[in-house]
Amino acid sequence: FKGDNLVAEIPITPEEAVLGAEIKVPTPEGQVAMKIPAGVDSGQSLRLKGKGWWKASMQRTDLMVTIKIVTPKKLSDTEREYYQKLQQASTYNPRKDLEGMRL
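Analysis parameters
Residues numbered from 1 in each chain as written. Predicted model: local features only at pLDDT ≥ 70, side-chain atom pairs only at ≥ 80, totals over all residues. Heavy atoms only, no water. Helix = DSSP H or I, 4+ residues; strand = E, 2+ residues; numbered from the N terminus. Rg over C-alpha atoms; globule rule 2.2 N^0.38 Å. Core = buried A, V, L, I, M, F, W, Y, C linked by side-chain atoms within 4.5 Å. Buried < 20%, exposed > 50% of the residue type's maximum accessible area, 1.4 Å probe, protein only. Contact = heavy atoms within 4.5 Å.

Peer 1: Explanation requested: the overall build of the protein in the structure shown.
Peer 2: The number of helices and strands found in the protein is 2 helices and 5 strands. Helices and strands appear in the protein in the N-to-C order β-α-β-β-β-β-α. Computed over the C-alpha atoms, the radius of gyration of the protein is 18 Å, more than 25% above the 13 Å expected from 2.2 N^0.38 for a compact globule of 103 residues. Its C-alpha atoms give the protein principal-axis dimensions of about 55 × 40 × 20 Å.

Peer 1: So what exactly am I meant to see when it comes to the nonpolar core here?
Peer 2: In globular proteins that are soluble, nonpolar side chains generally tend to be buried together. Formed by 16 residues in total, the largest nonpolar core has its most connected members in Ile-12, Val-25, Ile-36, Leu-48, Leu-63, Val-65 and Ile-67. Mapped by element, the contributors of at least two residues to this core are strand E1 (6–12), strand E2 (21–27), strand E3 (30–36), strand E4 (45–48) and strand E5 (63–69). For this core, the element with the highest residue contribution is E1, accounting for 4 residues. The contacts of Ile-36, once residues within four sequence positions are left out, are Ile-12, Glu-16, Gly-20, Ala-21, Ile-23, Leu-46 and Ile-67.

Structure (structure tokens):
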């Protein structure tokens, strides 16, 4: 719970995080479709308005979906090949702002 809202951590693949996706998310009343925006970060929260618990005032709380990007532990040869090609072709550096920084 976060305040009155229900919180759920939902795992997604790296591909879903980069490209965006529509996934199924469990709610108290069953699964609902949720759009994951392209470029979502692990730990980012998305709101499903009115999909949480019922409050005593007969109003629905929101469901706060916390994104967790999970990586596959076992890759097929084809998957490994594509990840290696992507790694070689990528110009993105998430640590660029840390270059030259000291702790």
